[in-house]
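Survey of secondary and tertiary structure
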Amino acid sequence: MAKRVLTTESGAPVADNQNSATAGAGGPILLQDQHLLEKLARFNRERIPERVVHARGSGAYGYFEVTDDVTGFTRADFLSQVGKRTETFIRFSTVADSLGGADAVRDPRGFALKFYTDEGNYDLVGNNTPVFFIKDPIKFPDFIHSQKRDPFTGKQEPDNVWDFWAHAPEATHQVTWLMGDRGIPASYRHMNGYGSHTYQWTNAAGEAFFVKYHFKTNQGVRSLSADQASELVGKDANSHQTDLLQAIERGVNPSWTLHVQVMPAADAADYRFNPFDLTKVWPHSDYPLQRVGRLVLDRNPDNVFAEVEQAAFSPNNFVPGIGPSPDKMLQGRLFAYADAHRYRLGVNHTHLPVNAPRTAVVDNYGRDGVHATRNGSRHDKNYEPNSYAGPAQTDAALAAPLAIHGWTGTHEVPAHTKDDDFFQAGELFRLMSEDEKGRLVANIAGGLSQVTRDDVIEKNLAHFHAADADYGKRVEEAVRALRED
């Protein structure tokens, strides 16, 4: 077999990769050593800015297979036939910590899924919780700042975390999820995934439905206690990455069953609470789960940087039959996610193999920019309309139009009859066993008791009292006991 030749970036053979060129045997290094300069310059640029959120992640390839007929709700081609398979790529992640953080920490988990469909890529960006801390994207930068490292101390501060939550009563539901037993998944394989937001499906007849996605793990939900997580972090900070990688390498391919809740669009206006509020769930008694298919992960990436770190997901990547809803958090993310990738990876990040469509043909008038690989030939124009048979619009909307009315300006979302920031948090608490309640209270008190300001503690306690009297009483007593020690 012919020996492989080491080359420079331009393809020239490298004569010596062990010794830099110098002025004499013991002299200083020469500026003319192109190979040395190229290696050092590339090394300096190996890292790209990490994600502001969801920085630490793991990924895998797989497929989605349709098991049930949902054509009455959507005309999406990849969901059009029972048995149809679509290649996928998923990225799991923590939210608040940096790229060098540990896996087994109390934090929501990102659940970002890319479907390489025949009609283009469809990105579904969610979490392992069905709700979130806030309902308006204008509060998102402030929320993340409160959870990240403090500018002065350089570490996460309980004062900041709980001060924000004290002023965000709508966060009570998600805080109850986060501080409960599912706050630290045992692995990425042993947690559910949710689209979290409300999306729109449109069928072939043009009828619109609002949907929520639920990916139920077929491995069973398993979580870690705070003590178990601390021990695991000490043994293997990469525990979730290790578990996912080794399971797939062994051929133990994790899978999830996708269900959706489907709401006819006409129901939304008069539903008892705002169905587009990301801090709330739809009760299954109102809109039962309907099975759609299964997601299977069966292949690890060959290169984590190229395929996990450079993977770019954006919820505005829709396909015909699927579109957005008036969910305000979703509306903000339609811009923010794609813009984050344009900053981190460049305007042509969609040309990267992990982000490029597999079977759909990309044909548009985007040109130039850093790392452009699809600039066209001399015969391709970069404007439209034109007289040169360039790509043209279809005049077929991806989803149904949504009626709007009213004045422009900043508005609070109109309240529905049962809109409330605390009721669902109370319902979640009352569903828990006594042991679960005890661990939830201990987890909350452990963080809240570290807050230095009494008024911040009192504001948070008021939220738990509003959710459930017993809930508030238990947290208050636990916090008091810890502060008196």
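Everything discussed here concerns the structure shown above.
Predicted model only: the values in this text are computed from it and were never measured.

Right, let's get into the side chain of His-190. Its place among the elements puts His-190 in the loop between helix H4 (172-179) and strand S5 (193-194). Look past the residues within four positions of His-190 in its chain and what remains in contact with it is Thr-217, Gln-219, Gly-220, Val-221 and Arg-222.

The full count for this structure, using the stated rule, is 28 aromatic pairs. Between Phe-78 and Phe-115, the aromatic rings sit 4.9 Å apart at their centres with planes inclined by 40°, giving tilted as the arrangement. With Phe-78 in the loop between strand S1 (57-66) and strand S2 (85-94) and Phe-115 in strand S3 (residues 109-117), this pair connects stretches of sequence that are 37 residues apart. Each member of the pair, Phe-78 as well as Phe-115, carries the same accessibility label: buried. Feature note: the residues Phe-132, Phe-133, Phe-140, Phe-143, Trp-162, Phe-164 and Trp-165 constitute an aromatic cluster, connected by ring pairs.

Turning next to the pairing of S2. Summarising burial for S2: eight of the ten residues are buried, a large majority. With nine bridges joining them, S1 and S2 adopt antiparallel strand pairing. Within S2, the residue paired with Glu-65 across the bridge is Arg-85. Looking at chain direction, S2 and S3 are connected through seven bridges and run antiparallel. Among the inter-strand pairings, Phe-89 is bridged to a residue of S3, identified as Lys-114.

On to the pattern of salt bridges, then. Evaluated as defined, the whole model comprises 30 salt bridges. When the shortest N-O distance is used, the salt bridge between Arg-85 and Glu-65 registers 3.6 Å. Within this pair, whereas Arg-85 is found in strand S2, its partner Glu-65 is found in strand S1, the two being separated by 20 residues in sequence. What makes Arg-85 partly exposed here is its relative accessible area of 49%. Residue classification places Glu-65 among the buried residues on the basis of a relative accessible area of 16%. Here Glu-231 ties to Lys-235 by a salt bridge, and the two come within 3.1 Å at their closest N and O atoms. Placement of both Glu-231 and Lys-235 in helix H5 (residues 226-235) is noted, with a separation of four residues, approximately one turn of the helix.

Glancing now at the side chain of Asn-274. Take Asn-274: it is sitting in the loop between strand S8 (255-264) and strand S9 (290-299). Setting aside chain neighbours within four positions, we find Asn-274 in contact with Val-413, His-416 and Asp-419.

What counts, and where the lines are drawn
- Here, residues in each chain are numbered from 1, in the same order as that chain's written sequence.
- Confidence filtering applies because this is a predicted model: local features only for residues at pLDDT of at least 70, side-chain atom pairs given and counted only at 80 or more, and all residues used for totals across whole chains, interfaces and linings.
- Note that the side-chain values use all heavy atoms of the structure and ignore hydrogens as well as water.
- The way it works is that DSSP assigns letters per residue, a run of H or I at least four long becomes a helix, a run of E at least two long becomes a strand, and they are numbered from the N terminus.
- Whether two residues touch is decided by their heavy atoms; if any such pair falls within 4.5 Å, the residues are in contact.
- Any two rings among Phe, Tyr and Trp, with Trp reduced to its six-membered ring, count as a pair given centres within 6.5 Å; such a pair is stacked if its planes are under 30 degrees apart, edge-to-face if over 60, and tilted if neither.
- Type-normalised accessible area, obtained with a 1.4 Å probe on protein chains alone, sets the label of each residue: buried when under 20%, exposed when over 50%, and partly exposed for intermediate values.
- By definition, two strands form a pair when at least two bridges between them are found by DSSP.
- Here, a salt bridge means any Lys or Arg side-chain nitrogen found within 4 Å of an Asp or Glu carboxyl oxygen.

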